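Listed below, chain by chain, are the residues.
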Amino acid sequence: MQYVAAYALLTLGGKANPSEADVKGLLAEVGVTGSDAEIKTLVEALKGKSLKEVITEGLKKVGTLSLGGGSSQASAPVAAQAQAAKKVEEKPVEKAPEPEEDVDMGGLFD
């Protein structure tokens, strides 16, 4: 992820197609040593693409993800709300705590 972030920062900073050396240089400036193979793979995969295109393409893929659940997922929040309402009704009213006395700490917080 740090390689992608470095590439994106370089792109947003004005470099249309950052090179491997650019990404390595930025990572080195912040004290990160990167994997040459992973950086090379990233730069090759993004070569010729704008950052906007890559983000748009990624958002399309994220939109098609199934995050689990089933038909009962829609009724789960309703059941949870009913349980929460029931718990609220069952809670006894707590008394407000009595004010504490000031204790002399010997100038600790002066």
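To be clear, the structure that these remarks concern was listed above.
Description of the structure in this document.

Cut-offs used in this document
Residues numbered from 1 in each chain as written. Predicted model: local features only at pLDDT ≥ 70, side-chain atom pairs only at ≥ 80, totals over all residues. Heavy atoms only, no water. Helix = DSSP H or I, 4+ residues; strand = E, 2+ residues; numbered from the N terminus. Buried < 20%, exposed > 50% of the residue type's maximum accessible area, 1.4 Å probe, protein only. Contact = heavy atoms within 4.5 Å. Salt bridge = Lys/Arg side-chain N within 4 Å of Asp/Glu carboxyl O. Axes fitted to C-alpha atoms, helices over the stretch in contact; angles between N-to-C directions. Parallel < 35°, antiparallel > 145°, perpendicular 65-115°, else oblique. Left-handed = near helix turned anticlockwise from the far one by under 90°. Patch = residues over 30% accessible without salt bridge, like charges linked within 9 Å, V, L, I, M, F, W, Y side chains within 5 Å. Areas by Shrake-Rupley, 256 points an atom, 1.4 Å probe, with all protein chains shown as cover. Core = buried A, V, L, I, M, F, W, Y, C linked by side-chain atoms within 4.5 Å. Nonpolar A, V, L, I, M, F, W, Y, C, P; charged D, E, K, R; others polar.

**Topic: the overall build of the chain**
Next up, step 1: The helix and strand tally for the chain stands at five helices and zero strands.
Next up, step 2: For the chain, the α and β elements follow one another from N to C terminus as α-α-α-α-α.
Next up, step 3: Buried residues in the chain amount to 13% of all 110 residues.
Next up, step 4: For the chain, long-range pairs separated by at least 24 residues make up 42% of all intrachain contacts whose partners lie at least 6 apart in sequence.

**Looking at the pattern of salt bridges**
Opposite charge on two side chains lets them pair, provided their charged atoms get close.
Next up, step 1: Overall, the coordinates contain two salt bridges when judged by the stated rule.
Next up, step 2: The residue Asp22 makes a salt bridge to Lys15 at a minimum N-O spacing of 3.8 Å.
Next up, step 3: Note on Asp22: relative accessible area 21%, which makes it partly exposed.

**Here we look at the packing of helix α2 (residues 20-29) against helix α3 (residues 36-46)**
Next up, step 1: Two elements in contact, α2 and α3, have axes separated by 9 Å at closest approach and are oriented at 130°. Taken together, the axis directions place α2 and α3 in an arrangement best described as oblique. Of the two possible hands of crossing, α2 and α3 adopt the one that is right-handed. The segment α2 lies against α3, with Glu20, Val23, Lys24 and Leu27 engaging Asp36, Ile39, Lys40 and Val43.

**Description of a nonpolar patch on the surface**
Next up, step 1: Nonpolar side chains collect at one region of the surface, where Val62, Leu65 and Leu67 lie side by side and expose about 350 Å² of accessible area between them.
Next up, step 2: Here Leu67 lies in the loop between α4 (51-63) and α5 (76-90).

**Remarks on the side chain of Thr11**
Next up, step 1: Inspection of the secondary structure assignment puts Thr11 in helix α1 (residues 2-12).
Next up, step 2: Exposure remark for Thr11: the relative accessible area of 18% places this residue in the buried category.

**Some words on the environment of Lys52**
Next up, step 1: Position of Lys52 among the secondary structure elements: in helix α4.
Next up, step 2: Look at Lys52 and you get exposed, because its relative accessible area is 67%.

**Looking at the nonpolar core**
Next up, step 1: In this structure, Tyr3, Ala6, Tyr7, Leu10, Val23, Leu27, Ile39, Leu42, Val43 and Leu46 together form the largest nonpolar core, which totals 10 residues.
Next up, step 2: Among the secondary structure elements, those contributing two or more residues to this core are α1, α2 and α3.
Next up, step 3: Discounting residues that sit within four places of it in the chain, Ile39 has contacts with Tyr3, Glu20, Val23, Lys24, Leu27 and Gly34.

**Topic: the packing of α1 against α2**
Next up, step 1: Running from amino to carboxyl end, α1 crosses α2 at an angle of 105°, the nearest separation of the two axes being 9 Å. The angle between the axes of α1 and α2 places the two elements in the roughly perpendicular class. Across the interface between the two elements, Gln2, Tyr3, Ala6, Tyr7, Leu9 and Leu10 of α1 pack against Asp22, Val23, Leu26 and Leu27 of α2.
Next up, step 2: Residues that form the contact of α1 with α2 fall into these classes: eight nonpolar, one polar and one charged.

In short, the description is geometric, and any link to function would need to be established separately.
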